[in-house]
Amino acid sequence: MTGFARRLAGKLLTGLVMVWVVVTFTFFLVHALPGKPGDVQYEQYIMSGMSSEQASAKVQQVYGFTSHAPLLSQYGGYLGRLAHGDLGQSISYTGVPVTHLIWSALPWTVIPVLSGLLVSFLFGVVAGIVAAVKRSSRWGGLLTVSGSLVAGVPAFVLALLLLVVFHTEWNLLPDAGTSDIQYNPGWNVPYIGSVVQHAVLPVCAYALLSYGGWLLAMKSSVVSVLGDDFILASELRGIAPVTRARYIGRNAILPLFTVLALSFGVMFAGSFFIEDTFDYPGLGDLLLKSIGTRDYPVMAGAFLLITVSIIVANILADLCYTLIDPRVRR
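Residues numbered from 1 in each chain as written. Predicted model: local features only at pLDDT ≥ 70, side-chain atom pairs only at ≥ 80, totals over all residues. Heavy atoms only, no water.

## Description of the overall build of the protein
Along the protein, the regular secondary structure elements total 13 helices and 0 strands. Order of helices (α) and strands (β) in the protein, N terminus to C terminus: α-α-α-α-α-α-α-α-α-α-α-α-α. Counting every position in the protein, which comprises 330 residues, the buried fraction comes to 39%. Excluding contacts between residues fewer than 6 apart, the proportion of contacts in the protein whose partners are at least 24 apart in sequence is 69%. When the accessible surface of the protein is totalled, it reaches about 18,100 Å², and 69% of it is carbon and sulfur. (Helix = DSSP H or I, 4+ residues; strand = E, 2+ residues; numbered from the N terminus. Buried < 20%, exposed > 50% of the residue type's maximum accessible area, 1.4 Å probe, protein only. Contact = heavy atoms within 4.5 Å. Areas by Shrake-Rupley, 256 points an atom, 1.4 Å probe, with all protein chains shown as cover.)

## Focus on the side chain of T178
Relative to the helices and strands, T178 resides in the loop between helix 7 (155-169) and helix 8 (189-226). Owing to a relative accessible area of 14%, T178 belongs among the buried residues under this scheme. Excluding anything up to four places from it in sequence, T178 contacts W108, S194, V195, H198, Y280 and P281.

## Quick notes on the environment of H167
With respect to the secondary-structure elements, H167 resides in helix 7. Expressed as a C-alpha distance, the spacing of H167 and L201, which sit 34 residues apart in the sequence, is 9.4 Å. Contacts of H167, omitting those with residues within four sequence positions, involve L162, L173, P174 and D175. Here L173 takes part through its backbone oxygen, which lies 2.9 Å from a polar atom of the side chain of H167. (Polar contact = N/O pair within 3.5 Å; in protein donor to acceptor, adjacent residues only side chain to side chain.)

## Topic: helix 7
With 15 residues, helix 7 ought to run about 21 Å at 1.5 Å a step, and its terminal C-alpha atoms sit 20 Å apart, in line with that. Every buried residue belonging to helix 7 is among A155, L158, A159, L162 and L163, and all of these are buried. Check the buried side of helix 7 and you find it contacts helix 8 and helix 11 (272-277). Looking one or two residues beyond helix 7, the residue adopting positive phi is N171, at roughly 50 degrees. (Expected span 1.5 Å × (residues − 1).)

## A look at the pattern of salt bridges
With the rule as written, the count across this model stands at 2 salt bridges. Here D86 makes a salt bridge to R81, at a shortest N to O gap of 2.5 Å. Of the residues examined, D86 reaches a relative accessible area of 29% and is grouped as partly exposed. A salt bridge links K289 to D285; its shortest N-O distance comes to 3.1 Å. Pair noted here: K289 and D285 are both in helix 12 (residues 283-292), with a separation of 4 residues, about one helical turn. Classification of K289 by relative accessible area gives partly exposed; the value is 45%. (Salt bridge = Lys/Arg side-chain N within 4 Å of Asp/Glu carboxyl O.)

## What to know about the packing of aromatic side chains
Evaluation of the coordinates by the stated rule reveals 4 aromatic pairs. Considering the side-chain rings of W108 and Y280, the 6.0 Å spacing of their centres and the 90 degrees angle between planes classify their relative orientation as edge-to-face. With a gap of 172 residues between them, W108 in helix 5 (residues 98-133) and Y280 in the loop between helix 11 and helix 12 connect regions that are remote in the sequence. Its relative accessible area of 22% is what places W108 among the partly exposed residues. A relative accessible area of 2% means that Y280 is categorised as buried. (Phe/Tyr/Trp six-rings, centres within 6.5 Å; stacked < 30°, edge-to-face > 60°.)

Okay, here's the thing in structure tokens:
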């Protein structure tokens, strides 16, 4: 087995242990809630006229365990169903599997988050380099101030500001939903154009949310690299400015790749405010609605997916860093 394969196997094993810890914590947290949701649901089924056997079977369908079984037995049953990809059934959407709800909401979170993150990374890194190189000039100061201002604005304020300017005041972009109802969903130009148009504001909100962080981090990293001995040596040896800029950029951007991978997981978890503002039916919106309706199976499934995304992002960051910087492999 090669060194990379050993590192990959070790990271995957660590990730599985972390997922198990989170799943176990979530299971016992749900059972620690006042009234125990499984017991409450069982009593509601009994009051609706079901027999005790029918109520237990229904609770088994919804939660993956029966409410009157010993706790360890419930835990074992929950893990067994989870291993087969069964997250139970939603309470709010009666009879609908949780996995169906999550997979339906997932694209509406992944695509805007990924697009916004990449756009903010590109613009933030370029602006950070300019701000560092021109830090004594007016432009360098303006870029630094813009990054500090944007980084300090909360997500919901940023989303509301975009909504007011581009929809209420200028009426350039739609304010809610994923597409116009007049178009049939599918691979046709009008529908895709409508989806893109509705995604502009959420993507801009995600991009602006992280733009300031990238700019300030890249500026700090470039300023640090500019003082290294190899940069001074390259200047003394008369190396071309383009080559020297490549040295600076390559060494300064290394720490940001790790943050980029981690940011995807973090923004994935922090999509609540933006999706709620633009009424975008993504995972954050689904989780907020499930909290409002006490839909515990959906809440547990959404938390599990967010946790897995952060762990996977962390593993990818570690692996990418060893590929980008050979010094880490030693």
